[in-house]
Amino acid sequence: MKLIVAVSKSWGIGKDNRLLFSIPADMKFFRDTTKGHTVVMGRKTLESLPGGKPLKNRRNIVLSTSIDSGNGIEAVRNVNELLKLVGKDTENVFIIGGESVYRELLPFADTAFVTKVDAENEADCFMPDLDSDKNWVLSEKSNDYFENGLTFRFCTYVRKGRDGVLE
């Protein structure tokens, strides 16, 4: 599984069920990266999408105990149900939030696409800090970009022990 997220300097990801930043280049990266693949999210993330509707051109799986499958989503109650549903094809599964889903599924991810924004907005949801996690290593980092008054970069983290990354 892969994880995709945009974070502030303190690894904040959202406030009041909204993203912290509006960066069109990051949204394009998200669309291009996840299109045609499976996305896994929690109920609040689904509700935060335009119209509360699933993302087009993707298989939408919602990890929640409070909603059922239908209207373009497949609902699973727990991680075991999720793993059973996606089977062995975890290479094409993207974890897209929110906080509790990132935390619960992080142990199953081997790659994390993190847009790091050089700004600090008040947040009430956070992504675990992969820079401080000894299981992860930064494998790629883009040059800095500037858009909507924000400086940001696209970073790729990989779990240690994967694809030749040293322990």
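Residues numbered from 1 in each chain as written. Predicted model: local features only at pLDDT ≥ 70, side-chain atom pairs only at ≥ 80, totals over all residues. Heavy atoms only, no water.

Draft legend 1. The arrangement of helix H1 (residues 24-34) in detail. All of the buried residues along H1 are Asp26, Phe30, Thr33 and Thr34. Seen along its axis, H1 keeps its buried residues to an arc of 85°; they face one direction. Where the residues of H1 are buried, they touch strand S1 (2-7), strand S4 (38-42), strand S7 (93-97), strand S8 (111-117) and strand S12 (150-159). (Buried < 20%, exposed > 50% of the residue type's maximum accessible area, 1.4 Å probe, protein only. Helix = DSSP H or I, 4+ residues; strand = E, 2+ residues; numbered from the N terminus. Arc of directions from axis to C-beta. Contact = heavy atoms within 4.5 Å.)

Draft legend 2. Examining the pattern of salt bridges more closely. The final tally for this structure, using the stated rule, is 11 salt bridges. Linking Glu122 and Lys15 is a salt bridge whose minimum nitrogen-to-oxygen distance equals 3.6 Å. Residue Glu122 is found in the loop between S8 and strand S9 (125-126), and its partner Lys15 is found in strand S2 (residues 12-15); the two are separated by 107 residues along the sequence. Taking the relative accessible area as the measure of exposure, Glu122 reaches 62% and is therefore exposed. What you see here is one network of salt bridges that share partners, running through Lys15, Asp16 and Glu122. (Salt bridge = Lys/Arg side-chain N within 4 Å of Asp/Glu carboxyl O.)

Draft legend 3. Molecular detail of the sheet that holds S2. Read from one edge of the open sheet, three strands run S3-S2-S9, paired in antiparallel fashion. In this open sheet, the two strands that pair with only one neighbour each are strand S3 (18-19) and S9. The sheet contact formed by S2 and S9 spans two bridges and is antiparallel. Bridge pairing links Gly14 to Cys125 in S9. (Pairing = 2+ DSSP bridges.)

Draft legend 4. Geometry of the side chain of Asn60. Here Asn60 shows up in strand S5 (residues 59-63). For Asn60, a relative accessible area of 2% gives the class buried. Those residues in contact with Asn60, other than ones at most four positions away along the chain, are Val39, Met41, Pro54, Leu55, Gly72, Ile73 and Glu74.

Draft legend 5. Examining the nonpolar core more closely. In terms of nonpolar packing, the biggest core is built from 27 residues, with Met127 and Leu130 touching the most fellow members. Excluding its chain neighbours within four sequence positions, the residues that come into contact with Met127 are Leu3, Val5, Val7, Trp11, Ile13, Tyr102 and Leu106. Of all hydrophobic cores here, the second largest spans 14 residues; its members include Leu46, Ile73, Ala75 and Phe94. (Core = buried A, V, L, I, M, F, W, Y, C linked by side-chain atoms within 4.5 Å.)

Draft legend 6. Spatial organisation of the packing of aromatic side chains. As enumerated under the stated definition, the model contains seven aromatic pairs in all. Between Phe29 and Phe113 the ring centres are 6.1 Å apart and the planes differ by 70°, which places this aromatic pair in the edge-to-face class. Placement of Phe29 in helix H1 and of Phe113 in strand S8 is noted, with a sequence separation of 84 residues between them. Judged by its relative accessible area of 17%, Phe113 is buried. Cluster of aromatic residues (ring-pair linked, three or more members): Phe29, Phe94, Phe113, Tyr145, Phe152 and Phe154. (Phe/Tyr/Trp six-rings, centres within 6.5 Å; stacked < 30°, edge-to-face > 60°.)

Draft legend 7. Looking closely at unusual backbone geometry. The step from Gly97 to Gly98 runs through a cis peptide bond, and the omega angle for that step is 0°. Tracing the chain through its elements places Gly98 in the loop between S7 and helix H4 (99-105). Look at Trp11: it is not a glycine, yet its phi comes out positive at around 70°. Topologically, Trp11 is positioned in the loop between S1 and S2. Positive phi outside glycine occurs at Asp16, with the angle close to 55°. By relative accessible area, which is 54% here, Asp16 ends up exposed.

Draft legend 8. Broad picture of the pairing of S1. The element S1 is largely enclosed, with a buried count of five among its six residues. Pairing of S1 with S7, which is carried by two bridges, proceeds in the parallel orientation. Its bridge partner being in S7, Leu3 is matched across the sheet by Ile95. Pairing geometry for S1 and S8, over six bridges, is parallel. Paired with Leu3 across the bridge in S8 is Ala112.

Geometric descriptors of this kind do not, in isolation, establish any biological role.
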